[in-house]
Amino acid sequence: MEKDTSFLLTGIKFNKKRFAGDFARFKKRKQSNDDGSVDDLSYFKREDTEAGNVVVSVNKKRKRKTKAERVEGFSVFKGSDAVPVVINEATEQEENNQKELNRQNERDLRLRKKYGIHVSGNNVPSPLQGFAELSTRYGCESYLLHNLVKLGFKEPTPIQRQAIPVLLSGRECFAKAPTGSGKTLAFVYPMLMKLKQPSKDGIRAVILCHTRELAAQTTRECKKMAKGNKFRIKLMTKELMRNTDFTKLPCDILVSTPRRLQLCICKKKKKIDLSRVEYLVLDESDKLFERSLLEQTDSVVKACSNPSIIRSLFSATLPDFVEDVARTVMHDAVRVIVGDKNAASESIKQKLIFAGSEEGKLLALRQSFAESLNPPMLIFVQSIERAEELYGELKFDSIRVGVIHSNLSQEQRENVIDDFRAGKTWVLIATDVLGRGMDFKGVKCVINYDFPDCAASYIHRIGRSGRAGRIGEAITFYTEDDIPYLRNIANVMIASGCEVPSWLIDMPKKKWKKHYPRRESISTKPKDQEE
Ligand SMILES: Nc1ncnc2c1ncn2[C@@H]1O[C@H](COP(=O)(O)OP(=O)(O)OP(=O)(O)O)[C@@H](O)[C@H]1O
């Protein structure tokens, strides 16, 4: 007797030759249900009735397939005296299953409503009621649960409640949830659960991040979550690119920027092979689909050619064009949206301040430092040049200030981040290189010294504060040049539950193209005295 189908055949005589077609179909279906869930293994349950008859009951989650499957299943038992009994009991069982399914759907709806989760897609798996279900529903290994406890995570965040079961069910997914709401864990955790053990079968999972800083942070987070297992989790550094024979690289999870990975794909010799990648995550996916990164991202997506790959897209902003592009490559994906589509995190207090001129901005900034400096604090400007100018102005004030932008070397960038994390620097001036994804837990205030270039950029920048449910503050300076775009920020503020003055709501809407106006220099020193 075949091991796979033993539960179907016990106690009856089965002519395998005659019913080869049916047999093959059952076998095939069993193999395709490979999400490892307890439910799926018991897709067909064999139950012995008191009369010794065999009843085939169908798992509630596959209800839509029930009818067709049952009819085919019965053909297997043709000629058996027990058939009429089976039909009645099976019908009753089916009704019970339907009732249970309805109850489960109602529970799911209630839970999703409670946590502001919106889903679309076929047969979306139930959200998690708590982390304990990772073990009861999905057989999560205990070391992973221990790591959650060590990290101090008691309850899943809304995105974790829904995205984790989706990915564990082997479904592709695009997810949008507010900044600081735990999206990293939502994609790393199911990846670790599905990979199970380290293996030497080449690179099995890839996480793409738009900047080196975010890639480094994500690698660190992965390692924390995987502690206790010997997964090889690698960050694609310059050194790794230069000195590695990728045909021999032992690696389970690779974290990289698209540019670096593309260079390794295009190498002439010892190039990287991504054809066995089982999981691909595009973090900050809308950024990865922007023109500047699209070609590189596309090369990586193409190189991950495993037909059974599970891809997922995560971001706090998910414009329609990203969904449209994603839909062309993803199969039967589930869409998970937490909160309002164009909202910032609700735990951030948002303020707009009219500064009049460039000089006015600097005065307002110094005045706010004098009144109350609430470090650590991030200040965003629109260009590398302006970041250096502002740094030049503030570095002699009695505050500890740092600056970061893409013209610094990798080592300088790492040092600046380390100093900021360690509290050696109180105020960090940054371009949009730090605008997304970076998790500086304690940041209490973000200042948009220069108006952001689009609504998404605003949402991500201010989302560096108010993370993991903490209270944050965001102040945005604006000048005459920015006034036409104020209404767009007002829309985000309204969607995030902030109060907005009526004059702002009455302003006309303006289609927001990339807004980087020419601004006067920040520097107050005469040109000939600048260093
Ligand atoms: N279940 C949880 N309970 C408490 N804190 C959590 C939980 N999950 C994650 N966190 C913490 O929340 C913070 C934000 O998480 P993360 O960086 O993943 O946010 P994000 O949603 O990816 O934000 P962004 O959109 O800005 O990239 C981190 O410090 C993380 O450790």
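Coordinates for the structure precede this section.
The notes below deal with the structure included here. Small disclaimer: the values here were computed from a predicted structure and weren't measured.

## Thoughts on the nonpolar core
Leu134, Tyr189, Ile207 and Leu434 are the most contacted members of the largest nonpolar core, which has 62 residues in total. Among the elements that take part in this core, helix H9 (residues 183-195) stands out by supplying nine residues, more than any other. Filtering out sequence-adjacent residues up to four positions away, Tyr189 remains in contact with Leu134, Cys140, Leu144, Leu145, Leu148, Ile164 and Met225. Of all hydrophobic cores here, the second largest spans 33 residues; its members include Ile265, Phe289, Leu313 and Val322.

## What about the pairing of strand S10 (residues 334-338)?
Along any regular strand the residues' side chains alternate between the sheet's two faces. S10 sits mainly inside the fold: four of its five residues count as buried. Across four bridges, strand S3 (residues 117-120) lies against S10 in antiparallel orientation. Following the sheet pairing, Val119 is matched in S10 by Val336.

## Quick look at the state of the cysteines
Counted by the stated rule, this structure contains zero disulfides. We note that Cys454 lacks a disulfide partner, and the nearest cysteine sulfur, in Cys498, lies 18 Å from it.

## Structural notes on the sheet that holds strand S5 (residues 205-208)
If you walk across this open sheet you meet the eight strands as S3-S10-S4-S9-S8-S5-S7-S6, and the pairing is mixed. Where the open sheet ends on each side, the last strands, each with one partner, are S3 and strand S6 (233-235). The mean inter-strand angle of the sheet, taken between neighbouring strand axes irrespective of direction, is 15 degrees. One ladder, built from four bridges, connects strand S4 (residues 173-176) with S10; its direction is parallel.

## Some details on the packing of helix H10 (residues 212-226) against helix H18 (residues 410-421)
Following both chains from N to C, one finds H10 and H18 inclined at 55 degrees, their axes separated by 11 Å at the closest point. With respect to their mutual orientation, H10 and H18 come out oblique. Pair H10 / H18 crosses with right-handed handedness. Packed against H10, whose contacting residues are Arg212, Glu213, Gln217 and Arg220, the element H18 presents Gln410, Arg413, Ile417 and Arg421 at the interface. Residues belonging to the contact of H10 with H18 are distributed by class as follows: one nonpolar, two polar and five charged.

## Some remarks on the site of the ligand
Taken together, 20 residues form the shell around the ligand, and within it Gly180, Lys183, Thr184, Asp439 and Arg464 come nearest. Between the ligand and the protein, one listed contact pairs an oxygen atom with a side-chain N or O atom of Thr184 at 2.6 Å. One of the side-chain nitrogen or oxygen atoms of Glu284 is found 3.2 Å away from an oxygen atom of the ligand. Notes on the ligand: free accessible area 640 Å², of which the protein chains cover 90%. When its residues are assigned to classes, the shell around the ligand shows five nonpolar, eight polar and seven charged.

## Comments concerning the packing of aromatic side chains
What characterises a pair of aromatic rings is the spacing of the ring centres plus the angle enclosed by the ring planes. One pass over the structure, following the stated rule, counts four aromatic pairs. Pairing Phe354 with Tyr478 gives two aromatic rings, centres 5.3 Å apart and planes at 50 degrees, and the pair type is tilted. Note that Phe354 is positioned in strand S11 (residues 348-356) and Tyr478 in strand S16 (residues 472-479), a separation of 124 residues in sequence. When its relative accessible area of 42% is taken as the criterion, Phe354 is described as partly exposed. Judged by centre distance (5.1 Å) and plane angle (80 degrees), the ring pair of Phe420 and Phe440 falls under edge-to-face. Here Phe420 is found in helix H18, whereas its partner Phe440 is found in the loop between strand S14 (427-430) and strand S15 (445-448), with 20 residues between them in sequence. The pair Phe420 / Phe440 is uniform in exposure class, with both members buried.

## Description of the environment of Ala333
On the secondary structure map, Ala333 appears in the loop between helix H15 (320-329) and S10. Given the relative accessible area of 17%, Ala333 is considered buried. Taking C-alpha positions, Ala333 is 37 Å from Ile475, a pair spaced 142 residues apart along the chain. Contacts of Ala333, omitting those with residues within four sequence positions, involve Ser120, Gly121, Glu172, Cys173 and Phe174.

Here is what the cut-offs are and how they apply
Residue positions are counted from 1 within each chain, in the order its sequence is given. Only residues with pLDDT of 70 or above have their local features reported here, since the model is predicted, and side-chain atom pairs are shown and tallied only from 80 upward, although totals for entire chains, interfaces and linings are computed over all residues. The basis for the side-chain values is all heavy atoms of the structure; hydrogens and waters are excluded. As used in this record, nonpolar core signifies buried Ala, Val, Leu, Ile, Met, Phe, Trp, Tyr and Cys residues forming a set joined through side-chain atoms within 4.5 Å. Partly exposed describes any residue whose relative accessible area lies between the buried limit of under 20% and the exposed limit of over 50%, with all areas from a 1.4 Å probe on protein chains only and scaled to the type maximum. Here a strand is any run of E in DSSP of at least two residues, a helix any run of H or I of at least four, and the numbering for each starts at the N terminus. It only takes one pair of heavy atoms within 4.5 Å for two residues to be counted as in contact. Two strands qualify as a pair provided that DSSP identifies no fewer than 2 bridges between them. Cysteine sulfur atoms are paired as a disulfide whenever they come within 2.5 Å of each other. Axis lines are fitted through C-alpha atoms, for helices just across the contact stretch, and the angle between N-to-C directions can take any value from 0 to 180 degrees. Under this scheme an angle from 65 to 115 degrees is roughly perpendicular, one under 35 degrees roughly parallel, and one over 145 degrees roughly antiparallel; angles in between are oblique. Crossings are classed by handedness, with left-handed meaning an anticlockwise turn of the near helix from the far one by less than a right angle and right-handed meaning a clockwise turn. All residues other than Ala, Val, Leu, Ile, Met, Phe, Trp, Tyr, Cys, Pro, Asp, Glu, Lys and Arg, Gly among them, are scored as polar; the first ten of these are nonpolar and the last four charged. Near residues are defined by distance, with any heavy atom within 4 Å of the molecule or strand qualifying the residue. Here a polar contact is taken to be a pair of N or O atoms separated by no more than 3.5 Å, where protein atoms must pair a possible hydrogen donor with a possible acceptor and residues adjacent in sequence count only if both atoms sit in side chains. For accessible areas, the Shrake-Rupley method is used with a probe of radius 1.4 Å. Any residue's cover is judged against the shown protein chains and nothing else. Any two of the Phe, Tyr and Trp rings considered here, Trp counted by its six-membered ring, make a pair once their centres fall within 6.5 Å; the pair's planes then place it as stacked at under 30 degrees, edge-to-face at over 60, or tilted in between.

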